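# Summary of structural features
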Amino acid sequence: MKLKPHLIIFLFSIAFGCKTLEEKSIHLNIEKDTKEIFDSLVEIRRDFHQNPELAGNEIRTAKMITKHLLSLGLEVKTGIAGNGVIGILKGSGDGKNIAWRADMDAIPSDFSDDASYKSKVKGLQHGCGHDVHMAIGLGIAEVLAKNKEAINGTIYFIFQPEEETFVGAKNMVTTSEFSTMNLDEIYALHVTALPVGQIMVKPNELYAYQKRIQITFKDNLSKEEAKDLYDTIRTETLRKKDGVNPWEIPKAFDSAIGLSNPNTVFKDYLFLEENFVTEEANNQFHIKGYLYETDKSNLPNILSKIEQAINNTTFKDQFISVSYIQGNPTVLNDEELTSKAMNLLNDLYGDETAVMNYGQIPYFNDDFIYFQQKVPGVYFLLGGSNYEKEIVAMNHAPNFRVDEKCIKVGVASFSSLILERANVK
Ligand SMILES: [Zn+2]
């Protein structure tokens with residue numbers, strides 16, 4: 001990853017207005033400082049990788065983060081909503097309050113791992129890449145600490161526990177430490193199967209809405225009856241483009257039909273997951289399954305569509321009701337900040353650094369939305385795959401691996417972004 005020095009003067013004049021040469025050179029410093037600490041960040045990432053901790057139990061992880069932030073000279077607050085840690089970096093002048101968030105927890109997983117730094121804890125792995133997120137967060141803190149004379153405003157590094165269980169962010173935003181930060185903007189990323197070097201972002205919803213539905217009947221249905229009926233409902237409610245199905249996640253990262261294509265098959269869809277469960281309770285029979293919808297405004301109408309589909313079958317007389325029993329809000333990027341961030345990253349680091357995402361991935365979500373409900377923010381997807389080296393950073397997959405070069409990309413790009421956003425008058 002390289003800055004484009006020959007374009008700097010021209011592009012800076014567009015992106016930032018009239019800046020002095022001294023102000024422009026700060027991003028060259030950021031790139032240089034990132035390169036210098038890259039090896040140490042890889043070591044940090046591998047240490048987290050070897051010592052994964054489950055949601056709610058990020059004790060060693062929090063200690064390591066605290067130690068590192070203190071060594072950089074940051075003020076540190078610990079024990080926030082459990083094992084959360086906040087590092088505070090004050091710039092040299094007044095400006096905005098900007099936060100960068102990294103999640104801390106690992107996942108239950110026992111897939112084979114041939115890395116020399118594989119997990120030392122049986123049954124636990126950093127299979128979602130949060131070890132990479134923490135290394136990047138600490139890297140940005142280190143780079144910006146080195147360049148704090150150029151920062152106006154205050155940067156908050158939020159290390160958040162319990163993301164996988166979707167409770168960490170929700171708990172953190174209720175703390176007094178969160179309200180006293182008085183944040184203007186917040187940013188975060190997730191490593192994904194995109195090629196290393198690439199950053200992808202989208203205004204508004206980044207993922208599909210996931211809802212759990214429950215359909216209730218008077219009498220029990222046999223296994224076969226339940227499957228037939230559920231399949232009928234799936235067919236009747238399905239909405240998708242021709243071609244690849246939106247549940248075929250690996251295709252989301254294919255440049256021809258994936259998220260980077262304006263005509264991607266990963267937009268404007270509704271589907272029910274193939275798997276469902278049944279339950280007998282209180283003399284009633286329930287079928288429960290998950291659906292994925294890209295358009296929030298369709299959510300209220302889906303239930304009546306399901307009702308209609310059932311009323312056209314022989315199960316009509318046994319049918320009692322259908323309802324949503326579970327569903328989280330989904331990551332929602334601020335439109336204006338997304339566009340500003342994209343322009344800035346591409347101006348600084350090359351036109352293809354940040355590409356537009358035109359789709360919404362099903363199955364995945366992030367509790368970062370609870371921060372975004374309080375503060376305008378942007379959540380980025382960061383490429384971690386290197387197909388030539390057979391590294392595919394497909395989160396939670398058995399062969400999840402990350403090209404650690406993405407740490408360099410993340411640290412330089414987002415140090416630049418945060419510094420510029422803090423300095424906006
Ligand atoms: Zn994750």
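Since the structure is predicted, the reported quantities are computational estimates derived from the model, not experimental observations.

### Overview of the environment of Gln-284
Checked against the element boundaries, Gln-284 lands in strand β12 (residues 284-293). In this structure Gln-284 comes out as partly exposed when scored by relative accessible area, which is 27%. Taking the C-alpha atoms as reference points, Gln-284 and Leu-337, separated by 53 residues in sequence, lie 49 Å from one another. Those residues in contact with Gln-284 that lie beyond four places of it in its chain are Thr-216, Phe-217, Lys-218, Glu-279 and Ile-320.

### Comments concerning the domain arrangement of the protein chain
Its domain assignment divides the protein chain into domain 1 (5-205 + 332-423) and domain 2 (210-327). Taking only C-alpha atoms into account, the centre of domain 1 sits 34 Å from that of domain 2. Counting residues at the interface gives 16 residues for domain 1 and 18 residues for domain 2. Between domain 1 and domain 2 lies a buried interface of about 1,400 Å² when both sides are counted; carbon and sulfur atoms form 71% of it. On the domain 1 side of the contact with domain 2, Tyr-358, Gln-360 and Tyr-363 bury the most area, a combined 45% of that side's loss. Here domain 1 and domain 2 share zero salt bridges between them. Across the domain 1-domain 2 interface, the total number found is four residue pairs in polar contact (both at pLDDT 80 or more). Element by element, the count of residues in the side of domain 1 that touches domain 2 is highest for strand β7 (residues 185-195), at three residues. Within the side of domain 1 that touches domain 2, the residues separate by chemical class into eleven nonpolar, four polar and one charged.

### Considering the sheet that holds strand β6 (residues 152-160)
Taking strand neighbours across the sheet as the criterion, the eight strands line up as β1-β2-β6-β3-β7-β16-β8-β15 in an open arrangement whose pairing is mixed. The open sheet has two edge strands, β1 (75-80) and β15 (354-356), and neither has a second partner. Between one strand and the next, the sheet's axes are offset by a mean angle of 25°, whatever the strand orientation. As paired strands, strand β8 (residues 199-201) and strand β16 (residues 377-385) are joined by two bridges and run antiparallel to one another. Within β16, the position partnered with Met-200 by the bridge is Leu-381.

### Here we look at the nonpolar core
Counting residues in each nonpolar core, the largest one holds 62 residues, and the members touching the most others are Phe-157, Phe-159 and Phe-380. Setting aside residues no more than four positions away along its own chain, Phe-380 makes contact with Tyr-187, Ala-188, Leu-189, His-190, Ile-199, Met-200, Val-201, Ala-341, Leu-345, Phe-414 and Leu-417. Ile-86, Ala-99, Met-172 and Val-265 belong to the second largest nonpolar core, which has 40 residues in total.

### As for the pattern of salt bridges
Within the structure shown, the criterion is met by 21 salt bridges. A salt bridge links Asp-110 to Lys-122; the nearest nitrogen and oxygen atoms lie 3.0 Å apart. In this pair, Asp-110 sits in the loop between β4 (107-108) and β5 (124-125) while Lys-122 sits in the loop between β4 and β5, placing the two residues twelve residues apart along the sequence. Of the two residues, Asp-110 and Lys-122, neither departs from the other in class, the shared state being exposed. A salt bridge links Asp-114 to Arg-401; the nearest nitrogen and oxygen atoms lie 3.9 Å apart. Residue Asp-114 is found in the loop between β4 and β5, and its partner Arg-401 is found in the loop between β16 and α12 (405-423); the two are separated by 287 residues along the sequence. Classification of Asp-114 by relative accessible area gives exposed; the value is 71%.

Procedures and definitions
Residues numbered from 1 in each chain as written. Predicted model: local features only at pLDDT ≥ 70, side-chain atom pairs only at ≥ 80, totals over all residues. Heavy atoms only, no water. Helix = DSSP H or I, 4+ residues; strand = E, 2+ residues; numbered from the N terminus. Buried < 20%, exposed > 50% of the residue type's maximum accessible area, 1.4 Å probe, protein only. Contact = heavy atoms within 4.5 Å. Domains from an automatic or database assignment. Buried area = accessible area lost by both parts, 1.4 Å probe. Salt bridge = Lys/Arg side-chain N within 4 Å of Asp/Glu carboxyl O. Polar contact = N/O pair within 3.5 Å; in protein donor to acceptor, adjacent residues only side chain to side chain. Nonpolar A, V, L, I, M, F, W, Y, C, P; charged D, E, K, R; others polar. Pairing = 2+ DSSP bridges. Axes fitted to C-alpha atoms, helices over the stretch in contact; angles between N-to-C directions. Core = buried A, V, L, I, M, F, W, Y, C linked by side-chain atoms within 4.5 Å.

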